[in-house]
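# Coordinate inspection notes
Here are the chains, one letter per residue:
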Amino acid sequence: VQLQASGGGLVQAGDSLRLSCAASGRTGSRFFMGWFRQAPGKEREFVATINWNSRNTYYADSVKGRFTISRDNAKNTVYLQMNRLQPEDTAVYYCAADSTVILSHLRDGNQYNYWGQGTQVTVSS
C-alpha cells in the first residue's frame, strides 16, 4: 500500500485546511486510516483515525471538535478537515494505514505499517 498526502500549506490562525491522503496498491483490505503529526523538536503524535467503513472515528483531545476525519473508499482516499487552526497545530502531517490495528492501541503509530510522505501545515498567529 502506498499513501500520498497532500493539502498542507501556510494559513493564519482561525483558518481551515483539508488534507487528503490517497492510497494505492493493495487497498482491498479493511484498513484503518489515520493521521499523525510531528512538530519540530517533538515526538510524533496521534491526530485522528477512522475505521474501514467510517462507522468509528477517534480523535486526539487537542483536535476534537475542530478536526474531522472522513474517507471515500471509492476513491481510496482519507481526508482531514481542519478548522479553527491554531499555531500549535503547526507540524508535518502524516497519513497512515493498516488492517490489523488493535483498538486499544489505535493511537499508537507503531500499529500502522503504511505511511505517507507527510505534508507541512504551518499556522501563523
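Now for a description of the structure that goes with this document. Computed from a predicted structure; not experimentally measured.

Looking at where S70 falls in the secondary structure, it is placed in strand β7 (residues 67–72). Among the residues examined, S70 registers a relative accessible area of 31% and is labelled partly exposed. Note: C-alpha distance between S70 and S104 (34 residues apart in sequence) is 21 Å.

What follows deals with the pairing of strand β11 (residues 119–124). Across the two faces of β11 the burial differs, with T119, V121 and V123 buried and Q120, T122 and S124 not buried at all. Relative to β11, strand β2 (residues 9–12) runs parallel, the two being bridged by four bridges. When the sheet's bridge partners are listed, Q12 is paired in β11 with S124. The sheet contact formed by strand β9 (residues 91–98) and β11 spans three bridges and is antiparallel. Bridging across to β11, Y93 finds its partner in T119.

Spatially, the four strands line up as an open sheet ordered β1-β3-β8-β7, and their pairing is antiparallel. Edge strands, defined here as strands with exactly one partner in the open sheet, are β1 (2–6) and β7. Here the average twist between neighbouring strands, direction ignored, is 15°. When strand β3 (residues 17–24) meets strand β8 (residues 77–82), the two strands line up antiparallel, connected through six bridges. Bridged to L17 within β8 is M82.

For the rest of this paragraph, the subject is the nonpolar core. Core analysis: the biggest nonpolar cluster contains 37 residues, and W35, L80, M82 and Y93 have the highest contact counts within it. Within the residue set of this core, elements represented by two or more residues are β1, β3, β4 (32–38), β5 (45–50), β7, β8, β9 and β11. Looking at this core element by element, the count peaks at five residues for β9.

Here N51 lies in the loop between β5 and β6 (57–59). A residue is classified by how much of its surface remains accessible, and N51, at 7% relative accessible area, is buried. Within polar-contact distance, the side chain of N51 engages the backbone nitrogen of S54 at 3.2 Å. Contacts of N51, omitting those with residues within four sequence positions, involve F31, F32, N56 and R71.

Under the criterion given, the structure shown has four salt bridges. Across the pair R37 and D89 runs a salt bridge whose closest N-O atoms are separated by 3.0 Å. Taken together, the residues span a long stretch of sequence, with R37 in strand β4 and D89 in the loop between β8 and β9 at a distance of 52 residues. On the basis of relative accessibility, which here comes to 5%, the residue R37 falls in the buried class. The residue D61 makes a salt bridge to K64 at a minimum N-O spacing of 3.3 Å.

Reading guide: rules and limits
- Residues numbered from 1 in each chain as written.
- Predicted model: local features only at pLDDT ≥ 70, side-chain atom pairs only at ≥ 80, totals over all residues.
- Heavy atoms only, no water.
- Helix = DSSP H or I, 4+ residues; strand = E, 2+ residues; numbered from the N terminus.
- Buried < 20%, exposed > 50% of the residue type's maximum accessible area, 1.4 Å probe, protein only.
- Pairing = 2+ DSSP bridges.
- Axes fitted to C-alpha atoms, helices over the stretch in contact; angles between N-to-C directions.
- Core = buried A, V, L, I, M, F, W, Y, C linked by side-chain atoms within 4.5 Å.
- Polar contact = N/O pair within 3.5 Å; in protein donor to acceptor, adjacent residues only side chain to side chain.
- Contact = heavy atoms within 4.5 Å.
- Salt bridge = Lys/Arg side-chain N within 4 Å of Asp/Glu carboxyl O.

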